[in-house]
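Structural overview for review
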Protein chains: 2
Amino acid sequence: MATMREVARHAGVSIATVSFVVNGTKPVSAATRARVQASMDELGFRRNVLARALASNRTRNLALVFPALEHRLGNTALGVLTSAAVAASARGFNLVLWPVSNDPAQLEEYVTGGLVDAVLLMEVTAEDARIPLLQRLDLPFALIGRTAEPSGLAYVDMDFAGAVESGLDHLTALGHEHIALLLGEIASPRLVGYGPIARTGEAFESGMLRRGLTPVVVSAPQTPAGGRAAAADLLRDHPEITATLVLNEDALPTFLAGLTAHGRSIPRDMSVLGLATSADAAAMSDPPVSTLVAPGSELGRLSVDSMVDRLDDPATPLVQALIPCELQLGDTTSPPAGATRPPRASSQSKGTVP
Amino acid sequence: MATMREVARHAGVSIATVSFVVNGTKPVSAATRARVQASMDELGFRRNVLARALASNRTRNLALVFPALEHRLGNTALGVLTSAAVAASARGFNLVLWPVSNDPAQLEEYVTGGLVDAVLLMEVTAEDARIPLLQRLDLPFALIGRTAEPSGLAYVDMDFAGAVESGLDHLTALGHEHIALLLGEIASPRLVGYGPIARTGEAFESGMLRRGLTPVVVSAPQTPAGGRAAAADLLRDHPEITATLVLNEDALPTFLAGLTAHGRSIPRDMSVLGLATSADAAAMSDPPVSTLVAPGSELGRLSVDSMVDRLDDPATPLVQALIPCELQLGDTTSPPAGATRPPRASSQSKGTVP
């Protein structure tokens, strides 16, 4: 492989000039830059990235820790991963995938063997045992999600409580008063205290009580069979329910199918509103489901950008961001069939309340 | 951060002994190893992986190139990605995600800026322009997929032709003679000549003709709307069809829904058999779809393992592997409703042919 010296000789410039072009450390005229580039191409020169990394004590690798084997990665996680890779690349970093569970001992093996400047943690739990490890190792990290007490920690999370509020606003504006929440059940004991489920459940209960309504919460495994069973259970145990919020993307299609199989027409007999569903999954369901769309891409992008900002300047304030879920209307929400009075004015509607 | 010297002093051993423990270069007694490990933990020592990488000219990074922005990453690609990350980790490598399209100029930027020992290419096209680039740069690479003429190249691909044959065997054994193939349409001009669609189409046409049957091929965008439109078009233009092979995972759920909406009962009026569908997507559809399951995990694992084998020993023969898709029966295939004769004996059945 060619050296900078050989490139310099070939292009008829100094080694320093080649270095300026390669490392972008000083401006170089377009003509000279083009000549250097042509010589690099002709000689097959590649930057000695390892040596540069050693000199700067920077690998320009960011690790994204995700639980490959604990449970199926959903569309939102996929959006996080894709956008994080794009954002890292835009900042001159590689995104490295660490398929490791929420087990600090396993993570430590990766950290000590790995070649990264910082770590982004997905699937954060209320008391996440990986955090003390990363603090002890003094490795910069940020959470995609957050713990029960995230003060002092960098995090980027979905605003689950805000999404529940938006969902309740939408459904009550349509006239619904009997509203259920369908949560997922995560089988893995490692994910006990997994934030989204706990936060959504709490926000739903308090939001319903604040509106003078009775909260009904059911849960089901995050599987197709789970969705079917949840539909049957809900219709049997809570026949008064006219609308359901669903934080369970994998069970959502069969929850809809299960309602239909029991003779219910959607949305006439049951409105269904997805919570933190990916836009792809929402559009792919039958009928297309109304949902508060999970901001997967924003999570990935902001977590990477804020981490690189901090690596570039350690004085950068910690990011602590909650990203809202936007309402995307499909064909699964409407006023309840038996509505005997006009729905309350929706915040989306232009009507006025008498 | 502690140095090896500090660890050695703390553990009361020589620096060489610490190095043996860290790098595994010579055997060290369990007791000494434990003492060194305890000192490393107490002092917060991490291997100087960069220096090691520089000394060995190995980064222990493998890049997986996938088109983040060209089209939605399906469940099978997700399986490849996850299993590749797990396999890389098991061999002591990091998997780096390069979200770059099938554009050699863009890939070159990654290669020259990146820190990897080898590259794995996804979404390979018939004449893939990235290959000459990687050959010119003398960077080891392997294809997940393959070109039209892959001799001399390392590749791991799904056996699409074999999957079509298995699918036709299954459907004709059930008694079907009027069989259609529903393909995806990839909008991106960069993916012209994308292998799976071309190979599947060819195998279907020759397999049908060899059986004395008339091949009917339709295609639809890889979207929910595409599936619905394909159902309507197929029923209108080819009312004789009693079974459809579908290589279009994203349109499959709404293809089923579209058939149902037109009053067809599945599988009585139309058998549907997925081709190279992920097991997850198949189980999640309604009804659960019979499918030849895409071996996403095997593709990821084998491509990484064979690449690491080659990096460890450049004399290792190139891997050129076609991985079969296994038949997973759901509820969408049966004999045709109007069958006037018993179905031919299936290769799956235990019956004997007279």
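Residues numbered from 1 in each chain as written. Chains lettered and ligands numbered in written order. Predicted model: local features only at pLDDT ≥ 70, side-chain atom pairs only at ≥ 80, totals over all residues. Heavy atoms only, no water.

1. Overview of the overall build of chain A
Where we set the bar: Counting from the N terminus, the helices are the DSSP runs of H or I reaching at least four residues and the strands are the DSSP runs of E reaching at least two. Using a 1.4 Å probe on the protein chains alone, a residue whose accessible area is under 20% of its type maximum counts as buried, one over 50% counts as exposed, and one in between counts as partly exposed. Note on areas: Shrake-Rupley with a 1.4 Å probe; residue coverage comes only from the protein chains shown.
Tallying secondary structure elements over chain A gives 13 helices and twelve strands in all. A buried classification covers 54% of the 354 residues belonging to chain A. Accessible surface, chain A as shown: approximately 14900 Å² in total, 53% of it carbon and sulfur.

2. Section: the nonpolar core
How we decide: Definition of nonpolar core: a set of buried residues of the types Ala, Val, Leu, Ile, Met, Phe, Trp, Tyr and Cys, connected through side-chain atoms within 4.5 Å. Residue contacts are defined here by distance: any two heavy atoms, one from each residue, within 4.5 Å place the two residues in contact.
Formed by 102 residues in total, the largest nonpolar core has its most connected members in Leu62 and Leu97 of chain A together with Leu62 and Leu97 of chain B. Those residues in contact with Leu97 of chain A that sit more than four places away from it in its chain are Leu64, Phe66 and Leu81 of chain A together with Leu81, Ala85, Leu95 and Leu97 of chain B. Ranked by size, the runner-up nonpolar core spans 42 residues in total, among them Leu107 and Val116 of chain A together with Val100 and Val116 of chain B.

3. What to know about the sheet that holds strand 1 (residues 61-66) of chain B
Spelled out, the test is: Strand pairing requires that DSSP identify at least two bridges connecting the strands. Here an axis means a line fitted to C-alpha atoms, over the contact stretch when the element is a helix, while the angle between two N-to-C directions is reported on a 0 to 180 degree scale.
Reading across the sheet, the twelve strands line up as 11(A)-5(A)-4(A)-3(A)-1(A)-2(A)-2(B)-1(B)-3(B)-4(B)-5(B)-11(B) and stay open at both edges, with mixed pairing between neighbours. Since the sheet does not close on itself, it has two edges, and those belong to strand 11 (320-323) of chain A together with strand 11 (320-323) of chain B, each with one partner. Strand after strand, the sheet turns through a mean of 20° between neighbouring axes, direction not considered. Sheet analysis places strand 4 (residues 141-144) of chain A next to strand 5 (residues 155-158) of chain A, joined by two bridges and oriented parallel. In the sheet register, Ile144 of chain A faces strand 5 of chain A, and the bridge partner there is Val156 of chain A.

4. As for the pairing of strand 9 (residues 271-277) of chain A
Residues and elements named next belong to chain A. For clarity, the cut-off: Crossover handedness is defined by viewing with both strands directed away from the observer: a clockwise path from the first strand over the helix to the second marks the crossover as right-handed.
With seven of its seven residues buried, strand 9 lies for the most part within the structure. Across four bridges, strand 8 (residues 243-247) lies against strand 9 in parallel orientation. Note on strand 9: the bridge partner recorded for Leu245 is Leu273. For the segment spanning strand 8, helix 11 (residues 252-261) and strand 9, crossover handedness is right-handed. Sheet topology places strand 9 next to strand 10 (residues 290-293); four bridges connect them, and they run parallel. By the bridge assignment for strand 10, Leu275 is matched with Leu292. The β-α-β motif built from strand 9, the intervening helix 12 (residues 279-284) and the parallel element strand 10 has right-handed crossover chirality.

5. Considering the confidence of the model for chain A
All names here are of chain A. Spelled out, the test is: One number per residue, pLDDT, summarises how confident the predictor is, and it ranges from 0 to 100.
Put simply, chain A has an average pLDDT of 84, and 85% of its residues get 70 or more. At the level of individual helices and strands, chain A shows its lowest average pLDDT in helix 4 (residues 49-56), which scores 57, and its highest in helix 8 (residues 160-173), which scores 97. The low-confidence segment residues 345-354, where pLDDT is below 50, has six contacts with residues more than four positions distant or belonging to other chains.

6. With respect to the sheet that holds strand 8 of chain A
Within a sheet, each strand pairs with its neighbour through backbone hydrogen bonds, oriented either parallel or antiparallel. Residue and element names in this part refer to chain A. Taken together, six strands build an open sheet; the order of strands is 7-6-8-9-10-12 and the sheet is mixed. Of all the strands in the sheet, just strand 7 (216-221) and strand 12 (326-328) have a single pairing partner and so form its edges. Sheet twist, expressed as the mean angle between neighbouring strand axes with direction ignored, is 25°. Here strand 6 (residues 179-185) pairs with strand 7 via six bridges, running parallel. If you follow Ala180 over to strand 7, its bridge partner there is Val216. Set on the sheet, helix 11 makes contact with strand 6, strand 8 and strand 9; between it and strand 9 the angle comes to about 175°.

7. What about unusual backbone geometry?
Residues and elements named next belong to chain A. Cis geometry is found at the peptide bond from Ile266 to Pro267, where omega equals 5°. When you line up the elements, Pro267 lands in the loop between helix 11 and strand 9. Positive phi, close to 55°, is recorded for Ala276, a residue that is not glycine. Relative to the helices and strands, Ala276 is located in strand 9. The exposure class of Ala276 is buried, given its relative accessible area of 13%.

8. Examining the packing of helix 8 (residues 160-173) of chain B against helix 9 (residues 195-210) of chain B
Residues and elements named next belong to chain B. Rule in force here: Small angles under 35 degrees read as roughly parallel and large ones over 145 as roughly antiparallel, with 65 to 115 read as roughly perpendicular and the rest as oblique. Handedness of a crossing is defined here by the sense of rotation of the near helix relative to the far one, left-handed for an anticlockwise turn of less than a right angle and right-handed for a clockwise turn. Throughout, the ten residues Ala, Val, Leu, Ile, Met, Phe, Trp, Tyr, Cys and Pro are labelled nonpolar, Asp, Glu, Lys and Arg are labelled charged, and all others, Gly among them, are labelled polar.
Relative orientation of the contacting elements helix 8 and helix 9 amounts to 40°, with a least axis distance of 8 Å. Judged by the inter-axis angle, helix 8 sits oblique to helix 9. Here helix 8 runs over helix 9; the crossing is right-handed. For the pair helix 8 and helix 9, contact is made by Phe160, Ala161, Val164, Glu165 and Leu168 and by Pro196, Arg199, Thr200, Ala203, Phe204, Gly207, Met208 and Arg210, respectively. Across the contact of helix 8 with helix 9, the residue classes tally to eight nonpolar, two polar and three charged.

9. Notes on the layout of surface pockets
This is how the line gets drawn: Whether a set of points on the 1 Å grid over the protein atoms alone is a cavity depends on a 1.4 Å probe fitting there but being unable to get out, while an open set qualifies as a pocket with protein on both sides within 12 Å along at least five of seven lines; lining residues are those with an atom within 4 Å of a point. Grid points are joined across faces, edges and corners, and a volume is the space filled by probe spheres set on the points.
Estimated volume of the largest pocket: approximately 990 Å³. In this structure, the largest pocket is lined by 48 residues; those nearest its centre are Pro253, Met284 and Ser285 of chain A together with Pro253 and Met284 of chain B. Mapped onto the lining of the largest pocket, the elements with two or more residues apiece are helix 5 (75-90), helix 11 and helix 12 of chain A together with helix 5 (75-90), helix 11 (252-261) and helix 12 (279-284) of chain B. Sorting elements by how many residues they give to the lining of the largest pocket places helix 11 of chain A first, with seven residues. Residue composition of the lining of the largest pocket, by class: 21 nonpolar, 13 polar and 14 charged.

10. Thoughts on the environment of Ser285 of chain A
Locating Ser285 of chain A in the fold gives a position in the loop between helix 12 and strand 10. Linking Ser285 of chain A and Ala257 of chain A, residues 28 residues apart in sequence, is a C-alpha distance of 9.7 Å. Setting aside anything within four residues of it in sequence, one finds Ser285 of chain A in contact with Leu256 of chain A together with Arg228 of chain B.

11. Regarding the environment of Thr3 of chain A
All names here are of chain A. Tracing the chain through its elements places Thr3 in the segment before helix 1 (4-11). A relative accessible area of 38% places Thr3 in the partly exposed class. Spatially, the C-alpha atoms of Thr3 and Met40 are 9.2 Å apart, while their sequence positions differ by 37 residues.

12. Observations regarding the pairing of strand 3 (residues 118-121) of chain B
Residue and element names in this part refer to chain B. Side-chain alternation along strand 3 places Ala118 and Leu120 on one buried face and Val119 and Leu121 on a second face that is also buried. Sheet topology places strand 1 next to strand 3; four bridges connect them, and they run parallel. Bridge pairing in strand 3 places Val65 opposite Leu121. With three bridges connecting them, strand 3 and strand 4 (residues 141-144) associate as parallel partners. Bridging from a neighbouring strand, Leu120 pairs with Ala142 of strand 4.

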